[in-house]
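Descriptive structure summary
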Amino acid sequence: MEYINIIYLSSILFFLPLLSGTSISDVAFAIVFVIELIILLKSISNQLYIKLIYNIGLIYYLGISFTLCGIIALFIERETPLSVTVVRSVFQTTLCLMTFGASSYMDFSGSTFRYIQRIIFFTIIMNTILLLLFYPINENIRLVYSHPNFLGAYFFMFTPLVLLDCNRRNRAKKILVITILTFFIYLTGARSALLSQFIMLTIIIIPKISFKKIFSYLLMISTIFFTFIYIYIYQTTLGSYLNNLSRDIFHKNFFSGRQIIWNEMLELIYQKPFFGYGAGTKPSAMLDISLSAHNWYLQIAFQTGIIGLIVALLLILFIYRYYISKIRLFPYMVLSAFIPAMLFHELFEVMLTQNHLAVGLIVWCILGLGYNRNYYKYIIDKYNNKKRI
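Let me begin by describing the structure that accompanies this report. What you see is a predicted model; the values in this text were computed from it and never measured.

1. Topic: the overall build of the chain
What the chain contains, in helices and strands, is 17 helices and zero strands. A sequence separation of at least 24 residues applies to 78% of the contacts in the chain between residues at least 6 apart. About 18800 Å² of surface is accessible on the chain, with carbon and sulfur atoms providing 67% of the total.

2. Re helix α9 (residues 171-188)
Taking 1.5 Å per residue as the helical rise, α9 with its 18 residues ought to reach 26 Å, and the 26 Å between its terminal C-alpha atoms agrees with that figure. Those residues of α9 not exposed but buried are Lys174, Val177, Ile178, Leu181, Phe184, Ile185, Leu187 and Thr188. Once α9 finishes, glycine 189 follows within two positions and takes phi at roughly 75 degrees, a positive value.

3. So, the side chain of glutamine 303
Within the secondary structure layout, glutamine 303 lies in helix α14 (residues 296-324). Overall, the relative accessible area of 3% leaves glutamine 303 in the buried class.

4. Topic: a nonpolar patch on the surface
Where nonpolar side chains cluster on the molecular surface, the patch consists of Tyr217, Ile221, Ile224, Phe225, Phe228, Ile229, Tyr232, Tyr270, Ile306, Ile310, Leu314 and Leu317 and spans about 1100 Å² of accessible area. The set of elements that each furnish at least two residues to the nonpolar patch consists of α11 (209-232) and α14. Looking at where isoleucine 221 falls in the secondary structure, it is placed in helix α11.

5. So, the environment of phenylalanine 158
As for its position among the elements, phenylalanine 158 is in helix α8 (residues 148-163). Overall, the relative accessible area of 0% leaves phenylalanine 158 in the buried class. Separated by 42 residues in sequence, phenylalanine 158 and isoleucine 116 have C-alpha atoms that sit 9.4 Å apart.

6. Let's talk about α14
Along its 29 residues, α14 runs just 24 Å from first to last C-alpha, ending more than 12% under the 42 Å computed at 1.5 Å per residue. At threonine 304, α14 shows its maximal kink, close to 125 degrees. The element α14 is extensively covered by neighbouring structure, given that 21 of its 29 residues are classed as buried. The opening residue of α14, the one whose side-chain oxygen lies 3.0 Å from the backbone nitrogen of tyrosine 297, is asparagine 295.

7. Details of the packing of α11 against helix α15 (residues 330-345)
Their axes nearest at 9 Å, the elements α11 and α15 cross at an angle of 20 degrees. Regarding the angle of α11 to α15, the classification is roughly parallel. Crossing hand, α11 versus α15: left-handed. Residues Lys212, Ser216, Leu219, Met220 and Thr223 of α11 pack against Met333, Ser336, Ile339, Pro340, Leu343 and Phe344 of α15. Residue composition of the contact of α11 with α15, by class: seven nonpolar, three polar and one charged.

Calculation rules
- Position labels on residues start from 1 in each chain and follow its written sequence.
- Only residues with pLDDT of at least 70 are given local features in this predicted model, and only at 80 or more are side-chain atom pairs given and counted; all residues enter the totals for whole chains, interfaces and linings.
- Side-chain descriptors were evaluated using all non-hydrogen atoms of the structure, hydrogens and water having been removed beforehand.
- In this text, helices come from DSSP runs of H or I with a minimum length of four residues, and strands from runs of E with a minimum of two, each type numbered from the N-terminal end.
- Residues are treated as being in contact if the distance between any of their heavy atoms lies within 4.5 Å.
- Areas reported as accessible are Shrake-Rupley estimates using a 1.4 Å probe. Residue values count occlusion only from the protein chains shown.
- Each helix should span, by expectation, one fewer than its residue count multiplied by 1.5 Å.
- For every residue, the accessible area obtained with a 1.4 Å probe (protein chains only) is divided by the maximum for its type, and the residue is called buried under 20%, exposed over 50%, and partly exposed between those limits.
- In this scheme, patches are assembled from residues that exceed 30% relative accessible area and form no salt bridge. Like charges are connected within 9 Å, while nonpolar side chains (Val, Leu, Ile, Met, Phe, Trp, Tyr) are connected within 5 Å.
- Should a side-chain nitrogen of Lys or Arg be within 4 Å of a carboxyl oxygen of Asp or Glu, the pair is scored as a salt bridge.
- Bend at a residue means the angle formed by two fitted axes: the first through the 7 residues ending at that position, the second through the 7 residues beginning there.
- We define a polar contact as two N or O atoms separated by no more than 3.5 Å, with the added condition that, inside protein, one atom must be a possible hydrogen donor and the other a possible acceptor, whereas residues neighbouring each other in sequence contribute only through side-chain atom pairs.
- Throughout, an axis means a line fitted to C-alpha atoms (over the contacting stretch in the case of helices), and angles, computed between N-to-C directions, take values from 0 to 180 degrees.
- When describing relative orientation, an angle under 35 degrees is termed roughly parallel and one over 145 degrees roughly antiparallel, while 65 to 115 degrees is termed roughly perpendicular and anything else oblique.
- Left-handed is the label given to a crossing in which the near helix is rotated counterclockwise from the far helix by less than a right angle, and right-handed is the label when the rotation is clockwise.
- For this classification, Asp, Glu, Lys and Arg are treated as charged, while Ala, Val, Leu, Ile, Met, Phe, Trp, Tyr, Cys and Pro are nonpolar and the rest, including Gly, are polar.

Put into structure tokens, the structure is as follows:
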């Protein structure tokens, strides 16, 4: 594996999450952007310009369109002045698209996953040491991990990476690693990450492919409507039952105040439904709150309007359909299970394109690896070799 790929994967999977929230995190993101640009330029250097435009595909055009939606909204219905926050938001969206592109165009070989497995193993060892040193003393995971939701999502992203390697000789090792990752997610108390982990593993073990597809589509559709359901079942018998159940299992309320923020944001979206309030516009600019929406769908609709949300969902849907077309291959079965679980996770977070972007970039890296033609050839060669044996 080339050094540029080693640096790239190390940055995305380890150094960016490690530096997230620090004073040099913006510098780290900028360095990753340059690395991704080098990978993309290297991969297209031997292609003619017209051939490149033809080969890019609809998915990349949708990604570019999504970025443009936020920029267009700034000039059409901008409510906040152009600022560093706005520029950072546009850069973050662009970086997500660049990460997907770099991962889908990078050179791929069997050593790529061997290196990824080493990163995951090192991360598990490091966090095990942290737990052994601090958890028995503090007896509170929040004192060990300052951002439990961030770390829960970080561990969740490792699960598909463990399973994407189609080497079946290490099944017991993979099961052990996934069990450890699930245990770490549980310790963080990140409910959305734990439920997403459960959803992904459930889809994988569903026996028939047709059932997997039906369950996944139903889950993705219900995810879109859950925001409205969540608001309206507040202070109902069902809402009280779910709140008590959440307190019994997770020791947290099911209704944590999100229902109030979501309801107020929906009212703002109704006022400017098409292009929203512009990229980088925070709910705090319109509402008396200091938090984000904690809902990726509402945040995107708020900033880029219904048009931007539709483009973003179409982008993910086309990636999902690509994976579904190859679902008989186990790695693509994992990827097709990862997307519904990831979309569910974003009901309660905005990590996919904004908050805790270090985790969001891992998502786009995984999606890009699944879309990588070299990765597909690698899988096909593996399966053909097994048939010959």
